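Here's the letter readout for the chains.
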Amino acid sequence: EDQVTQSPEALRLQEGESSSLNCSYTVSGLRGLFWYRQDPGKGPEFLFTLYSAGEEKEKERLKATLTKKESFLHITAPKPEDSATYLCAVSNFGNEKLTFGTGTRLTIIP
Amino acid sequence: NAGVTQTPKFQVLKTGQSMTLQCAQDMNHEYMSWYRQDPGMGLRLIHYSVGAGITDQGEVPNGYNVSRSTTEDFPLRLLSAAPSQTSVYFCASSQAGTGDEKLFFGSGTQLSVL
């Protein structure tokens, strides 16, 4: 059974204070690892897909990286508008469905 | 384009009542799905469809029914609501035709069952 564990559950940063969110996973055969952003009262919004260890993707202040056991979402010099819950999900070659983690709630303090 | 549209936004039911959560997408996506989101748990797949006339069960299908008569619409029916079905429900669609590529989510329906 695929499993996704995200840490920390919640993170408070000062504006401009860089940090990383962690997503550890167990999957029989990784097809893809996904990062989504979810704002309060909204549905998740797609950020990145990573397919193989060593792959990196960037978007504005966010950079996602992937190893064989975990993924990191690095946030550089965050702004208050980066406050959201960040969700990680994995899929395997067997069922082509997503298994989601419980998310990291990120708060950026002005 | 409106994307994925869900209605209603909020709903309160009494135990035993039935209702239908509506989902429509205007992106011509073949794949559509329903998830529920509960505190402390990740999004869990309820039912999904890979095209009109084709539906299948996800991880937590009990107590829910779906049908897909058109590409655009994928309603979720609660047959006899139970307090355990109190949750936030999200509809999602995918251009890729599978459930593990980039998903477009609706804004959700918050359901309370008393």
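## Some remarks on the interface of chain B and chain A
- Facing 19 residues of chain B, the contacting portion of chain A comprises 18 residues.
- For the pair chain B and chain A, the summed buried surface comes to about 1500 Å²; carbon and sulfur atoms form 56% of the total.
- Summed over the shared surface of chain B and chain A, the number is zero salt bridges.
- Residue assignment for the side of chain B that touches chain A shows that the elements contributing at least two residues are strand E4 (31-37), strand E5 (44-51) and strand E10 (103-105) of chain B.
- Looking at the side of chain B that touches chain A residue by residue, the class counts come to eight nonpolar, seven polar and four charged.

## Observations concerning the nonpolar core
- Membership of the largest hydrophobic core comes to 24 residues, with the highest contact counts inside it found for A:Leu33, A:Trp35, A:Leu73 and A:Tyr86.
- If you look at the next biggest cluster of nonpolar residues, it comprises 19 residues, including B:Leu21, B:Cys23, B:Ile46 and B:Val60.

## Brief notes about unusual backbone geometry
Residue and element names in this part refer to chain A.
- Going from Ser7 to Pro8, the amide bond is cis rather than trans, its omega being -10°.
- Among the structural elements, Pro8 can be located in the loop between strand E1 (3-7) and strand E2 (10-14).
- A positive phi is found at Glu60, a non-glycine position, where the angle reads about 55°.
- Considering the arrangement of structural elements, one finds Glu60 in the loop between strand E6 (56-59) and strand E7 (62-66).
- Relative accessible area serves as the criterion here: at 70%, Glu60 is assigned to the exposed category.
- The phi dihedral of Ala77 falls on the positive side, at around 50°, and the residue is not glycine.
- The topology assignment puts Ala77 in the loop between strand E8 (70-75) and strand E9 (84-92).
- Taking relative accessible area as the criterion, Ala77 reaches 37% and is therefore assigned partly exposed.

## Observations regarding the sheet that holds strand E3 (residues 19-26) of chain A
Residue and element names in this part refer to chain A.
- Spatially, E1-E3-E8-E7-E6 is the arrangement adopted by the five strands of the open sheet, whose pairing is antiparallel. Looking along the sheet, the strands with just one partner apiece sit at the ends: E1 and E6. Strand after strand, the sheet turns through a mean of 15° between neighbouring axes, direction not considered.
- In this structure, E1 lies alongside E3, joined through five bridges in antiparallel fashion. Counterpart to Thr5 in the pairing with E3 is Ser24.

## Notes on the pattern of salt bridges
- The full count for this structure, using the stated rule, is six salt bridges over all chains.
- In this structure, A:Glu55 engages A:Lys57 in a salt bridge whose closest nitrogen and oxygen atoms are separated by 3.6 Å.
- According to the relative accessible area criterion, A:Lys57 is partly exposed, its value standing at 29%.
- Overlapping salt bridges, with partners in common, bring together B:Arg36, B:Asp38 and B:Arg44 in one network.

So, how was this worked out
- Residues numbered from 1 in each chain as written.
- Chains lettered and ligands numbered in written order.
- Predicted model: local features only at pLDDT ≥ 70, side-chain atom pairs only at ≥ 80, totals over all residues.
- Heavy atoms only, no water.
- Contact = heavy atoms within 4.5 Å.
- Buried area = accessible area lost by both parts, 1.4 Å probe.
- Salt bridge = Lys/Arg side-chain N within 4 Å of Asp/Glu carboxyl O.
- Helix = DSSP H or I, 4+ residues; strand = E, 2+ residues; numbered from the N terminus.
- Nonpolar A, V, L, I, M, F, W, Y, C, P; charged D, E, K, R; others polar.
- Core = buried A, V, L, I, M, F, W, Y, C linked by side-chain atoms within 4.5 Å.
- Buried < 20%, exposed > 50% of the residue type's maximum accessible area, 1.4 Å probe, protein only.
- Pairing = 2+ DSSP bridges.
- Axes fitted to C-alpha atoms, helices over the stretch in contact; angles between N-to-C directions.

Honestly, that's just the spatial picture; any functional story needs more than this.
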